[in-house]
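An overview of the molecular structure
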Amino acid sequence: MNTTLPHFRINRRENDIITIPISDSQCIIERGGIEFSFKETKNENYTLYNLTVSNRTETDILPENIDFLPGIDTYMAEHPERNKILFPSMLRCEKTHFHGYFMSPDGKILAIASPDAIASYSLLYSKTRNFDENEGEYGHRIHTVALNLFHKNPLPERHPKNLDVLHSKETKEFNIYLIPLDDLSQYGEKISRICNIPIITADLFTGVPGNKITFEVSSKEPYTVNCKSPDNTDNPSMKMREVGVYTIYVTSESGKISEAKFYCRKPWSSYLKVARLSALNKPQKATTHAESWYGFFSAFLAAKHYPDKAIDERLSAQFEEISSLMFNFDKIEPYVIPERIQNTSTLISVLVDKYEADKTKNENDLKLASKFGDWLMKCQKEDGGYYKGNTLYTCVIYIAKSMFELAESEKAAGFEAEAKRHYESAARACEQLCEKLDDIQTEGEQTFEDGMISCSALQIAMYALSLPEIKRGKYIKAAEHMNKLHSCLEHKLVPDCRMNGASLRFWEAQYDIMFHKNFICSPHGWSAWTAYAKYYLYLLTGKEIYLKELFNCIGSCVQLMSEDGNLRWAFANDPYICGRKLVPDYEKPVTDGYSSVKLSVPACKGKYEVVTCGEEYIDMISDWYRVGEQRLTGGYDLCPLILADKTISVDPQGGACDNDVHEIFKCLEETVLKKAFIIEREDGTVSGYNCTASKINSSTIKVDLHEDTELLHTNLKNKYQVELGKKIFTVSPALKFETLTNK
């Protein structure tokens, strides 16, 4: 395990920080009237830090925070050394205790827990190693973690509320355990046994009306369970009825309280339909960054499945106006930042989806996509990778996946030569990914990065699905390897439906919503890349864990759509976030530059204000922050307008990347919409996803669909008759899709 010296840190007020290294296994340190004691004890099962914090003065101390830094190095920089570095995969404050774990890409796990209440925690995002500096918080690395023994309010409701002041002559004791684990399956049992706190775990955090909430509790003591429905009424049956979030409280005999949240969802179709409206009402923009117009995915995929002529025509008109500002459709080249090749690959995928929405009207879109596919191949080097200059960009978004999507539509349309050319190009890129594994590059600061790893896994797995089964082994192994490395960047154990299954990112806020503060935003639009990888790996291997993780990820992601239809940008995981954020300046209205945008919400300029938030949803800004007469702008506040032949410093009014949230709905459409899954386990039991499956007898399975379904994926070990309503059909043991519209 990589560690540095433990530290105490006192932050009496903003930028008045004292950091105190601890070099002895037992010591007493005094600074400014606060006395710290530290004692380290080790055995074969854990390391225990016993701490006390005492106020030796005659007055109460109300600090910003008083911290203990356990000395865990989480700074992921160079390959391959970063594979041994621990990432703060989960940290969780409960009212009465604290627990979490760090995990490295190569699978080392270090749990951290306390039977004592901890006010909060902070992730120290910085390019520097100086704990006393707040400067430089925009990097893509985290260098360590601080446990906030005391912290000012406001903090999330689940946190203790009495640790914002250290009273005169008061002493508080804290016991912090570091517990090595061999596997995440040991998490609940080991922590509950060592710390005597109840730990809640569950397989699935999202369900549908009629489902019963199921979970496991690891506890040394007897405990009681209370369930609250979304309206905060008691729900002793723990059955999901209405849509919303259900909260479970587990209280041990000694008074330790643990909390978990579960979500009862709407039909998947409703999220895609409302996402289309959001693409219209939080308009897409012509900028240097594809993330500014990602909403066209929701627009055209909703049009494909649920056409609405009035809305679809408005969105199509917006696409025609906006895309023509960014791409030269005569010369087949980008007007803006040609080397940012993920813009062009995104255009290819959007054009394919627009074509698929109405093939009779949109054939020209497929032809345009095909031409841009040829343009993109010019950015491919001999080794197979797609490059921006000398930086490998295959996994910046997913260049090869876009080419596979193009080739699939071309093949179905009869464009055989084009399909072959583009498929082979994408295949070459995936061959390179399979050889390089995690020794790859990404956009921005090089690190062990969520998207770089998940996009490699998903593209290798997608490629494997296109191959005959006999040739898939090498690629399945590579994709599973990448997925395993990525585990440290996933919310695997957090008992909260709002986050479970999503991936961990922390530098997007400054680009997407102009919030100049790093914090974990999970789920975020790019969490969908993790879901694609799980989906493809399930289709390849039939391992139920991938299906569970897919449904947890999509389940947390769709909650970015509120019950009243407001699409939020992301969920902020950090418990306390304070920074400069762009907010509306209603005294500075802006006239919309796009003729196709006609909204009742007034457009205006933004201004910066210091805001405080934590563990909550963060809104998009594109409903009010819209382009003015300039129409084509930079992607975010500090980004100039970078054209193919020159760079212009302009007012970046309206530039925002918050529409990247729509990747979630693109993924939803491909993975779970109109699909159901039944699986037979080793013990002979069957289970359904997007459906209820049960054995009637040894040869018959009854399936009840949860919603409109066209494809049933079967993963059975024996031959069965499947009863689906009044229809009965035979299913052989295999991993395959059954088309239900013909049943």
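Up top you'll find the structure we're talking about.
Positions within a chain are numbered from 1, following the residues in the order the chain's sequence is written. It should be noted that, the model being predicted, local features are given only for residues of pLDDT at least 70 and side-chain atom pairs only at 80 or more, the latter also being counted only at that level, while totals for whole chains, interfaces and linings use all residues. The basis for every side-chain value is the complete set of non-hydrogen atoms in the structure, without hydrogens or water.

1. Describing the packing of helix α7 (residues 399-413) against helix α8 (residues 416-436)
Convention followed: Angles shown run from 0 to 180 degrees and are taken between the N-to-C directions of axes, each axis being a line fitted to C-alpha atoms and, for helices, limited to the stretch in contact. Counting from the N terminus, the helices are the DSSP runs of H or I reaching at least four residues and the strands are the DSSP runs of E reaching at least two. An angle below 35 degrees is treated as roughly parallel, one above 145 as roughly antiparallel, one from 65 to 115 as roughly perpendicular, and anything else as oblique. Here is the rule for handedness: rotate from the far helix to the near one, and if that takes an anticlockwise turn smaller than a right angle the crossing is left-handed, while a clockwise turn gives right-handed. What makes two residues a contact is simply this: any of their non-hydrogen atoms within 4.5 Å.
It is the contact of α7 with α8, at a shortest axis distance of 8 Å, that shows an interaxial angle of 155°. Between α7 and α8, the crossing angle belongs to the class labelled roughly antiparallel. For α7 against α8, the interelement crossing comes out left-handed. Between α7 and α8, the residues in contact are A400, M403, F404, L406, A407, E410 and K411 and E416, E418, A419, H422, Y423, S425, A426, A427, A429 and C430, respectively.

2. Description of the sheet that holds strand β5 (residues 47-55)
The line we're drawing: Pairing between two strands requires that DSSP report at least two bridges joining them.
The sheet built from 7 strands is open, its strands ordered β3-β4-β5-β12-β9-β8-β7 with antiparallel pairing. Strands with a single pairing partner mark the edges of an open sheet, and in this sheet they are β3 (26-31) and β7 (87-93). Between one strand and the next, the sheet's axes are offset by a mean angle of 15°, whatever the strand orientation. As paired strands, β5 and strand β12 (residues 171-181) are joined by 8 bridges and run antiparallel to one another. Counterpart to Y49 in the pairing with β12 is I176. Running at roughly 145° to β12, helix α1 (residues 187-195) makes contact with β7, β8 (98-103), β9 (109-114) and β12 of the sheet.

3. Things to note about the sheet that holds strand β32 (residues 686-689)
Within the open sheet, the 4 strands sit side by side as β32-β31-β35-β38. Their pairing is mixed. A strand with exactly one partner marks an edge of an open sheet, and here the two such strands are β32 and β38 (735-739). Pairwise comparison of adjacent strand axes, ignoring direction, gives a mean angle of 20° for this sheet. Sheet analysis places strand β31 (residues 675-680) next to β32, joined by 4 bridges and oriented antiparallel. Across the sheet, residue I679 finds its bridge partner in β32, namely S687.

4. Here we look at helix α12 (residues 527-541)
Going by this rule: A helix's residues, less one, multiplied by 1.5 Å, set its expected span. Using a 1.4 Å probe on the protein chains alone, a residue whose accessible area is under 20% of its type maximum counts as buried, one over 50% counts as exposed, and one in between counts as partly exposed.
The end-to-end C-alpha distance of α12, which contains 15 residues, comes to 22 Å, matching closely the 21 Å that a straight helix rising 1.5 Å per residue would cover. Summarising burial for α12: 14 of the 15 residues are buried, a large majority. G542, located one to two residues past α12, shows a positive phi value of around 75°.

5. Description of the packing of aromatic side chains
In this description, a pair of aromatic rings is defined by centroid distance and the angle of the planes. In plain terms, the rule: Working definition: a ring pair exists when centres of Phe, Tyr or Trp rings (six-membered ring for Trp) sit within 6.5 Å. Plane angles under 30 degrees give stacked, over 60 give edge-to-face, the rest tilted. For a ring to carry a charge above it, either NZ of a lysine or CZ of an arginine must fall within 6 Å of the ring centroid while also lying within 35 degrees of the normal to the ring plane.
Under the defined criterion, the tally for this structure stands at 41 aromatic pairs. When the centroid spacing of 6.0 Å and the interplanar angle of 10° are considered together, the rings of F404 and Y463 count as stacked. In this pair, F404 is assigned in helix α7 and Y463 in helix α9 (residues 450-465), connecting sequence segments 59 residues apart. Exposure class is identical for F404 and Y463. Each is buried. The structure contains a cluster of three or more aromatic residues connected by ring pairs, namely W268, Y271, Y538, F551, F677, Y689 and F737. One cation-aromatic arrangement involves K354 over F300; the distance from NZ or CZ to the ring centre is 5.9 Å.

6. Thoughts on the side chain of H491
Operational definition: Here a polar contact means two N or O atoms within 3.5 Å. Within protein one must be a hydrogen donor candidate and the other an acceptor candidate, and residues neighboring in sequence count only if both atoms are side-chain atoms.
Structurally, H491 is set in the loop between α10 (473-486) and α11 (509-512). Residue class for H491 comes out buried when judged on its relative accessible area of 6%. Looking at H491, its side chain comes within polar contact range of the side chain of N573, at 2.6 Å. In contact with H491, other than residues within four places in its own chain, are S89, M499, N500, G501, A502, L504, S522 and N573.

7. As for the pattern of salt bridges
To be explicit about the condition: Definition used for salt bridges: Asp or Glu carboxyl oxygen within 4 Å of a side-chain nitrogen of Lys or Arg.
All chains considered together, the criterion is met by 54 salt bridges. For D312, the salt bridge goes to R276, with nearest N and O atoms at 2.9 Å. Highlighted residues: D312 in helix α4 (residues 309-326) and R276 in helix α2 (residues 268-281), separated in sequence by 36 residues. For the pair formed by D312 and R276, the shared burial category is buried. Linking K666 and E405 is a salt bridge whose minimum nitrogen-to-oxygen distance equals 2.7 Å. Placement of K666 in helix α14 (residues 663-671) and of E405 in helix α7 is noted, with a sequence separation of 261 residues between them. Pair check on accessibility: K666 and E405 agree, each one buried. The network of salt bridges with common partners includes R92, E94, R158, D496, R498 and E615.

8. Structural notes on α2
The first and last C-alpha atoms of α2 sit 20 Å apart over 14 residues, in line with the 20 Å expected at 1.5 Å per residue. Burial runs high along α2: 10 of the 14 residues are buried. All of the buried residues in α2 are W268, S269, S270, Y271, L272, A275, R276, S278, A279 and L280. Elements that come into contact with the buried residues of α2 comprise β18 (257-264), α3 (295-305), α4, α13 (544-558) and α14.

9. Overview of the environment of T214
Along the polypeptide, T214 turns up in the loop between β14 (206-207) and β15 (216-218). Between the alpha carbons of T214 and E410 there is a distance of 45 Å; along the sequence they are 196 residues apart. When sequence neighbours within four positions are dropped, the list of residues in contact with T214 reads A202 and F262.

10. Considerations on the packing of α9 against α10
Rules: All residues other than Ala, Val, Leu, Ile, Met, Phe, Trp, Tyr, Cys, Pro, Asp, Glu, Lys and Arg, Gly among them, are scored as polar; the first ten of these are nonpolar and the last four charged.
The geometry of α9 relative to α10 is characterised by a closest axis approach of 8 Å and an angle of 160° between their N-to-C directions. Taken together, α9 and α10 sit at an angle that is classed as roughly antiparallel. Relative to α10, the crossing made by α9 is left-handed. Counted together, D450, I453, S454, S456, A457, I460, A461, Y463 and A464 of α9 and Y475, A478, A479, M482, N483 and H486 of α10 form the full contact between these two elements. Within the contact of α9 with α10, the residues separate by chemical class into 10 nonpolar, 4 polar and 1 charged.

11. Some points on the environment of N518
Within the fold, N518 resides in the loop between α11 and α12. For N518, a relative accessible area of 4% gives the class buried. Along the chain, N518 and T287 lie 231 residues apart, while their C-alpha atoms are 23 Å from each other.

12. Remarks on the side chain of N328
As for its placement among the helices and strands, N328 is situated in strand β20 (residues 327-328). A distance of 2.9 Å separates a polar side-chain atom of N328 from the backbone nitrogen of D330. Only 2.8 Å separates the side chain of N328 from the backbone nitrogen of K331, close enough to count as a polar contact. Apart from residues no more than four positions distant in its own chain, N328 is found in contact with E333, Y335 and F372.

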